[in-house]
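Fold and geometry: a report
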Amino acid sequence: MNRSDLLRGTFYGIIAASIWGGMYVVSDVVLTVIPPFTLLSMRILLGLLALGPICRRAGGSLPAPPVLRELLIVGFIGLGLSLGAQFLGTDLSTAVNGALVTSASPAFVVLFAALLLKEKLTPPRALALVLASAGLFVILDPTSANFGEETFLGDVFLAIAALTWGLYSVLVRRVAIRHRLPTLTITVVGLLGGLALSLPASIVELSAKPIGPLDAGALLGVAYLGIVSTALALLLWNRAFALAPATVASLFFFAQPVSGALLAAIFLGQTLTIRLGIGGALIGAGVLLSILASSTDANS
(Lines give C-alpha, C1' and ligand atoms only; values in the text may rest on other atoms or scores of the structure.)
Protein backbone atom coordinates (compact mmCIF):
# COMPACT_ATOMS: atom_id res chain seq x y z
CA MET A 1 0.00 0.00 0.00
CA ASN A 2 1.30 3.45 -0.87
CA ARG A 3 0.17 6.91 0.21
CA SER A 4 -1.61 7.56 -3.11
CA ASP A 5 -3.75 4.42 -2.72
CA LEU A 6 -4.54 5.40 0.86
CA LEU A 7 -5.66 8.90 -0.09
CA ARG A 8 -7.74 7.68 -3.03
CA GLY A 9 -9.33 5.01 -0.85
CA THR A 10 -10.14 7.65 1.75
CA PHE A 11 -11.79 9.89 -0.85
CA TYR A 12 -13.86 7.04 -2.32
CA GLY A 13 -14.96 5.72 1.07
CA ILE A 14 -16.03 9.08 2.46
CA ILE A 15 -18.00 9.92 -0.69
CA ALA A 16 -19.76 6.53 -0.58
CA ALA A 17 -20.68 6.86 3.10
CA SER A 18 -21.83 10.45 2.55
CA ILE A 19 -24.16 9.29 -0.22
CA TRP A 20 -25.61 6.65 2.11
CA GLY A 21 -26.06 9.27 4.81
CA GLY A 22 -28.63 11.01 2.65
CA MET A 23 -30.22 7.79 1.46
CA TYR A 24 -32.49 7.44 4.50
CA VAL A 25 -34.41 10.61 3.68
CA VAL A 26 -35.32 9.10 0.30
CA SER A 27 -35.89 5.58 1.64
CA ASP A 28 -38.41 6.76 4.23
CA VAL A 29 -40.57 8.19 1.45
CA VAL A 30 -40.24 5.28 -0.98
CA LEU A 31 -40.82 2.58 1.64
CA THR A 32 -44.32 3.94 2.23
CA VAL A 33 -45.38 2.56 -1.16
CA ILE A 34 -42.82 -0.19 -1.92
CA PRO A 35 -42.14 -3.01 0.59
CA PRO A 36 -38.53 -3.53 1.75
CA PHE A 37 -37.28 -6.54 -0.21
CA THR A 38 -39.05 -5.38 -3.35
CA LEU A 39 -37.29 -2.04 -3.06
CA LEU A 40 -33.98 -3.82 -2.46
CA SER A 41 -34.50 -5.92 -5.61
CA MET A 42 -35.30 -2.77 -7.59
CA ARG A 43 -32.12 -1.13 -6.28
CA ILE A 44 -29.99 -4.11 -7.25
CA LEU A 45 -31.55 -4.44 -10.71
CA LEU A 46 -31.03 -0.74 -11.41
CA GLY A 47 -27.47 -1.07 -10.14
CA LEU A 48 -26.86 -3.93 -12.56
CA LEU A 49 -28.40 -1.98 -15.43
CA ALA A 50 -26.10 0.94 -14.64
CA LEU A 51 -22.85 -0.96 -14.08
CA GLY A 52 -23.29 -4.00 -16.35
CA PRO A 53 -22.80 -2.14 -19.67
CA ILE A 54 -19.85 -0.20 -18.23
CA CYS A 55 -18.25 -3.46 -17.15
CA ARG A 56 -18.69 -4.98 -20.61
CA ARG A 57 -17.26 -1.90 -22.36
CA ALA A 58 -14.29 -2.01 -20.01
CA GLY A 59 -13.58 -5.55 -21.17
CA GLY A 60 -14.73 -7.17 -17.98
CA SER A 61 -15.52 -10.88 -18.03
CA LEU A 62 -16.76 -13.40 -15.51
CA PRO A 63 -13.97 -14.95 -13.43
CA ALA A 64 -13.31 -18.69 -13.23
CA PRO A 65 -16.12 -20.72 -11.57
CA PRO A 66 -14.44 -21.07 -8.12
CA VAL A 67 -13.82 -17.32 -7.94
CA LEU A 68 -17.28 -16.60 -9.33
CA ARG A 69 -18.87 -18.66 -6.56
CA GLU A 70 -16.79 -16.81 -3.97
CA LEU A 71 -17.92 -13.43 -5.32
CA LEU A 72 -21.56 -14.51 -5.41
CA ILE A 73 -21.33 -15.58 -1.75
CA VAL A 74 -19.75 -12.25 -0.83
CA GLY A 75 -22.60 -10.41 -2.57
CA PHE A 76 -25.19 -12.69 -0.96
CA ILE A 77 -23.81 -11.76 2.48
CA GLY A 78 -23.48 -8.01 1.91
CA LEU A 79 -26.22 -7.11 -0.53
CA GLY A 80 -28.71 -9.81 0.36
CA LEU A 81 -28.39 -10.62 4.07
CA SER A 82 -27.02 -7.30 5.32
CA LEU A 83 -29.18 -4.87 3.37
CA GLY A 84 -32.23 -7.12 3.75
CA ALA A 85 -31.73 -7.29 7.54
CA GLN A 86 -31.22 -3.53 7.63
CA PHE A 87 -34.51 -2.90 5.82
CA LEU A 88 -36.38 -5.30 8.13
CA GLY A 89 -34.73 -3.85 11.22
CA THR A 90 -35.52 -0.28 10.24
CA ASP A 91 -39.14 -1.27 9.57
CA LEU A 92 -39.51 -3.01 12.96
CA SER A 93 -37.42 -0.63 15.09
CA THR A 94 -36.73 3.12 15.07
CA ALA A 95 -34.44 5.36 13.04
CA VAL A 96 -32.31 6.24 16.09
CA ASN A 97 -32.00 2.59 17.10
CA GLY A 98 -31.03 1.75 13.53
CA ALA A 99 -28.32 4.38 13.39
CA LEU A 100 -26.88 3.33 16.76
CA VAL A 101 -26.95 -0.44 16.23
CA THR A 102 -25.56 -0.36 12.70
CA SER A 103 -22.77 1.94 13.93
CA ALA A 104 -21.21 -1.28 15.24
CA SER A 105 -20.23 -2.13 11.65
CA PRO A 106 -16.73 -0.56 11.92
CA ALA A 107 -16.02 -2.63 15.04
CA PHE A 108 -17.03 -5.78 13.16
CA VAL A 109 -14.80 -4.71 10.27
CA VAL A 110 -11.87 -4.47 12.68
CA LEU A 111 -12.71 -7.91 14.12
CA PHE A 112 -12.99 -9.64 10.75
CA ALA A 113 -9.93 -7.81 9.43
CA ALA A 114 -7.91 -9.33 12.28
CA LEU A 115 -9.35 -12.81 11.71
CA LEU A 116 -9.33 -12.95 7.90
CA LEU A 117 -6.67 -10.45 6.82
CA LYS A 118 -4.37 -10.57 9.85
CA GLU A 119 -4.50 -6.78 10.12
CA LYS A 120 -3.26 -5.51 13.46
CA LEU A 121 -5.26 -3.03 15.50
CA THR A 122 -2.40 -0.77 16.52
CA PRO A 123 -2.85 1.71 19.42
CA PRO A 124 -3.24 4.71 17.04
CA ARG A 125 -5.89 2.86 15.01
CA ALA A 126 -7.68 1.81 18.19
CA LEU A 127 -7.69 5.42 19.40
CA ALA A 128 -9.00 6.52 15.99
CA LEU A 129 -11.91 4.07 16.28
CA VAL A 130 -12.69 5.33 19.80
CA LEU A 131 -12.64 8.98 18.67
CA ALA A 132 -14.91 8.32 15.67
CA SER A 133 -17.32 6.24 17.76
CA ALA A 134 -17.47 8.97 20.39
CA GLY A 135 -18.28 11.49 17.66
CA LEU A 136 -21.11 9.30 16.43
CA PHE A 137 -22.61 9.03 19.92
CA VAL A 138 -22.39 12.79 20.36
CA ILE A 139 -24.34 13.32 17.13
CA LEU A 140 -26.96 10.61 17.67
CA ASP A 141 -27.42 10.92 21.46
CA PRO A 142 -27.93 7.32 22.72
CA THR A 143 -30.36 8.55 25.40
CA SER A 144 -32.93 9.18 22.66
CA ALA A 145 -32.94 5.49 21.68
CA ASN A 146 -35.65 3.11 22.86
CA PHE A 147 -34.43 -0.47 23.27
CA GLY A 148 -37.63 -2.01 24.58
CA GLU A 149 -39.59 -5.18 23.91
CA GLU A 150 -41.47 -3.52 21.06
CA THR A 151 -38.26 -2.92 19.10
CA PHE A 152 -36.36 -6.07 20.13
CA LEU A 153 -36.87 -8.05 16.92
CA GLY A 154 -36.00 -5.06 14.77
CA ASP A 155 -32.87 -4.42 16.83
CA VAL A 156 -31.80 -8.05 16.32
CA PHE A 157 -32.12 -7.63 12.56
CA LEU A 158 -30.13 -4.39 12.77
CA ALA A 159 -27.36 -6.17 14.70
CA ILE A 160 -27.28 -8.87 12.02
CA ALA A 161 -27.04 -6.12 9.40
CA ALA A 162 -24.07 -4.54 11.18
CA LEU A 163 -22.24 -7.83 11.57
CA THR A 164 -22.77 -9.00 7.98
CA TRP A 165 -21.83 -5.60 6.54
CA GLY A 166 -18.58 -5.71 8.46
CA LEU A 167 -17.92 -9.22 7.13
CA TYR A 168 -18.87 -8.21 3.57
CA SER A 169 -16.51 -5.22 3.57
CA VAL A 170 -13.55 -7.32 4.73
CA LEU A 171 -14.35 -10.08 2.23
CA VAL A 172 -14.31 -7.50 -0.57
CA ARG A 173 -10.78 -6.52 0.40
CA ARG A 174 -9.69 -10.14 0.65
CA VAL A 175 -11.08 -10.94 -2.80
CA ALA A 176 -9.46 -7.84 -4.29
CA ILE A 177 -6.07 -8.76 -2.83
CA ARG A 178 -6.23 -12.50 -3.44
CA HIS A 179 -7.56 -12.51 -7.01
CA ARG A 180 -6.56 -9.00 -8.17
CA LEU A 181 -9.97 -8.49 -9.74
CA PRO A 182 -11.26 -5.10 -10.95
CA THR A 183 -13.57 -3.44 -8.45
CA LEU A 184 -16.19 -3.14 -11.17
CA THR A 185 -16.27 -6.93 -11.62
CA ILE A 186 -16.45 -7.50 -7.85
CA THR A 187 -19.37 -5.07 -7.61
CA VAL A 188 -21.38 -6.42 -10.54
CA VAL A 189 -21.06 -10.07 -9.49
CA GLY A 190 -21.76 -9.07 -5.90
CA LEU A 191 -25.02 -7.46 -6.99
CA LEU A 192 -26.00 -10.73 -8.66
CA GLY A 193 -25.30 -12.55 -5.40
CA GLY A 194 -27.52 -10.13 -3.50
CA LEU A 195 -30.30 -10.57 -6.04
CA ALA A 196 -30.28 -14.33 -5.35
CA LEU A 197 -31.75 -13.57 -1.92
CA SER A 198 -33.72 -10.37 -2.46
CA LEU A 199 -35.68 -11.50 -5.53
CA PRO A 200 -37.28 -14.63 -3.99
CA ALA A 201 -37.94 -12.68 -0.79
CA SER A 202 -39.66 -9.91 -2.74
CA ILE A 203 -41.88 -12.41 -4.56
CA VAL A 204 -43.07 -13.79 -1.22
CA GLU A 205 -43.40 -10.29 0.21
CA LEU A 206 -45.54 -8.97 -2.65
CA SER A 207 -48.17 -11.65 -2.07
CA ALA A 208 -48.89 -10.08 1.32
CA LYS A 209 -47.94 -6.46 0.73
CA PRO A 210 -48.32 -5.22 -2.86
CA ILE A 211 -46.74 -2.08 -4.24
CA GLY A 212 -48.78 1.05 -3.62
CA PRO A 213 -49.50 3.91 -6.04
CA LEU A 214 -46.29 5.25 -7.57
CA ASP A 215 -46.07 8.97 -8.30
CA ALA A 216 -43.20 10.87 -9.90
CA GLY A 217 -41.51 11.44 -6.54
CA ALA A 218 -41.49 7.73 -5.70
CA LEU A 219 -40.13 6.81 -9.13
CA LEU A 220 -37.37 9.41 -8.84
CA GLY A 221 -36.60 8.06 -5.37
CA VAL A 222 -36.24 4.51 -6.70
CA ALA A 223 -33.98 5.76 -9.50
CA TYR A 224 -31.80 7.63 -7.02
CA LEU A 225 -31.55 4.64 -4.68
CA GLY A 226 -30.67 2.29 -7.52
CA ILE A 227 -28.23 4.38 -9.53
CA VAL A 228 -26.63 6.69 -6.95
CA SER A 229 -26.96 4.88 -3.61
CA THR A 230 -26.42 1.38 -5.01
CA ALA A 231 -24.41 1.46 -8.24
CA LEU A 232 -22.19 4.49 -7.59
CA ALA A 233 -21.83 4.36 -3.79
CA LEU A 234 -21.27 0.59 -3.68
CA LEU A 235 -18.62 0.80 -6.39
CA LEU A 236 -16.83 3.55 -4.45
CA TRP A 237 -17.09 1.64 -1.16
CA ASN A 238 -15.67 -1.53 -2.68
CA ARG A 239 -12.86 0.47 -4.26
CA ALA A 240 -12.05 2.07 -0.91
CA PHE A 241 -11.63 -1.35 0.69
CA ALA A 242 -9.53 -2.53 -2.24
CA LEU A 243 -7.12 0.39 -1.76
CA ALA A 244 -7.00 1.01 2.00
CA PRO A 245 -6.52 -1.33 4.99
CA ALA A 246 -9.86 -2.48 6.33
CA THR A 247 -9.14 -1.02 9.78
CA VAL A 248 -8.75 2.39 8.14
CA ALA A 249 -11.60 2.08 5.63
CA SER A 250 -14.00 1.05 8.40
CA LEU A 251 -13.92 4.59 9.79
CA PHE A 252 -15.31 6.04 6.56
CA PHE A 253 -18.65 4.57 7.67
CA PHE A 254 -18.91 7.38 10.22
CA ALA A 255 -19.36 9.97 7.47
CA GLN A 256 -22.97 8.75 7.20
CA PRO A 257 -24.49 10.54 10.23
CA VAL A 258 -22.62 13.76 9.45
CA SER A 259 -23.82 13.93 5.85
CA GLY A 260 -27.28 12.77 6.89
CA ALA A 261 -27.60 15.61 9.41
CA LEU A 262 -26.32 18.18 6.92
CA LEU A 263 -28.73 17.02 4.20
CA ALA A 264 -31.63 16.98 6.67
CA ALA A 265 -30.82 20.59 7.52
CA ILE A 266 -30.68 21.57 3.84
CA PHE A 267 -33.74 19.72 2.56
CA LEU A 268 -35.90 19.20 5.66
CA GLY A 269 -35.15 22.45 7.47
CA GLN A 270 -33.75 20.74 10.57
CA THR A 271 -31.49 22.86 12.76
CA LEU A 272 -27.74 22.30 12.83
CA THR A 273 -26.65 21.86 16.43
CA ILE A 274 -23.42 22.17 18.38
CA ARG A 275 -23.58 18.39 18.86
CA LEU A 276 -23.13 17.93 15.11
CA GLY A 277 -20.10 20.21 15.11
CA ILE A 278 -18.44 18.46 18.05
CA GLY A 279 -19.31 14.99 16.79
CA GLY A 280 -18.16 15.79 13.27
CA ALA A 281 -14.85 17.12 14.61
CA LEU A 282 -14.28 13.92 16.64
CA ILE A 283 -15.08 11.74 13.62
CA GLY A 284 -12.78 13.81 11.44
CA ALA A 285 -9.99 13.55 14.03
CA GLY A 286 -10.42 9.78 14.18
CA VAL A 287 -10.25 9.38 10.40
CA LEU A 288 -7.23 11.69 10.14
CA LEU A 289 -5.39 9.85 12.92
CA SER A 290 -6.03 6.50 11.25
CA ILE A 291 -4.78 7.79 7.89
CA LEU A 292 -1.64 9.28 9.44
CA ALA A 293 -0.93 6.06 11.35
CA SER A 294 -1.34 3.95 8.21
CA SER A 295 0.80 6.34 6.18
CA THR A 296 3.52 6.04 8.81
CA ASP A 297 3.24 2.24 8.76
CA ALA A 298 3.56 2.22 4.97
CA ASN A 299 6.73 4.33 5.08
CA SER A 300 8.38 2.37 7.90
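Residue numbering note: each chain is counted from 1, following its sequence as written. The predicted origin of the model limits local features to residues at a pLDDT of at least 70 and limits the giving and counting of side-chain atom pairs to 80 or more, whereas totals for whole chains, interfaces and linings rest on all residues. By convention in this description, side-chain values take in all heavy atoms of the structure and omit both hydrogens and water.

**Considerations on unusual backbone geometry**
Short version of the rule: In this description a helix means any DSSP run of H or I spanning at least four residues, a strand means any run of E spanning at least two, and both kinds are numbered starting from the N terminus. Note on exposure labels: buried denotes an accessible area under 20% of the residue type's maximum, exposed denotes more than 50%, and partly exposed covers the range between, all computed with a 1.4 Å probe on protein chains only.
Of note, the phi angle at K118 is positive, near 60°, even though the residue is not glycine. Tracing the backbone through its elements, the reader meets K118 in the loop between α5 (105-117) and α6 (123-140). The exposed category is assigned to K118, whose relative accessible area is 64%.

**Comments concerning the environment of S207**
Heads up, the condition is: Polar contact criterion, stated in full: a pair of N or O atoms within 3.5 Å, where within protein one must be able to donate a hydrogen and the other to accept it, and residues adjacent in sequence count only if both atoms are side-chain atoms.
Following the sequence through the fold, S207 ends up in helix α8 (residues 183-208). Taking the C-alpha atoms as reference points, S207 and L263, 56 residues apart in sequence, are found 35 Å from one another. A polar contact of 2.5 Å, which involves the side chain of S207, links it to the backbone oxygen of V204.

**Concerning the packing of helix α2 (residues 36-57) against helix α3 (residues 65-92)**
The condition is simple: Axis definition: a line fitted to C-alpha atoms, limited for helices to the stretch in contact. Angles are taken between N-to-C directions and run from 0 to 180 degrees. Angles are sorted into four bins: roughly parallel if under 35 degrees, roughly antiparallel if over 145, roughly perpendicular if 65 to 115, and oblique for all others. Should the near helix be turned anticlockwise from the far one by less than a right angle, the crossing is left-handed, and should it be turned clockwise, the crossing is right-handed. The contact definition used throughout considers only heavy atoms, calling two residues in contact when any of these lie within 4.5 Å. Residues are sorted three ways: Asp, Glu, Lys and Arg are charged, Ala, Val, Leu, Ile, Met, Phe, Trp, Tyr, Cys and Pro are nonpolar, and all the rest, Gly among them, are polar.
The contact between α2 and α3 brings their axes to 9 Å, and the two run at 140°. Judged by the inter-axis angle, α2 sits oblique to α3. Crossing angle aside, the handedness with which α2 passes α3 is right-handed. Residues P36, F37, L39, L40, R43 and I44 of α2 lie in contact with α3, whose contacting residues are L79, G80, L83, G84, F87 and L88. Counted by class, the contact of α2 with α3 contains nine nonpolar, two polar and one charged residues.

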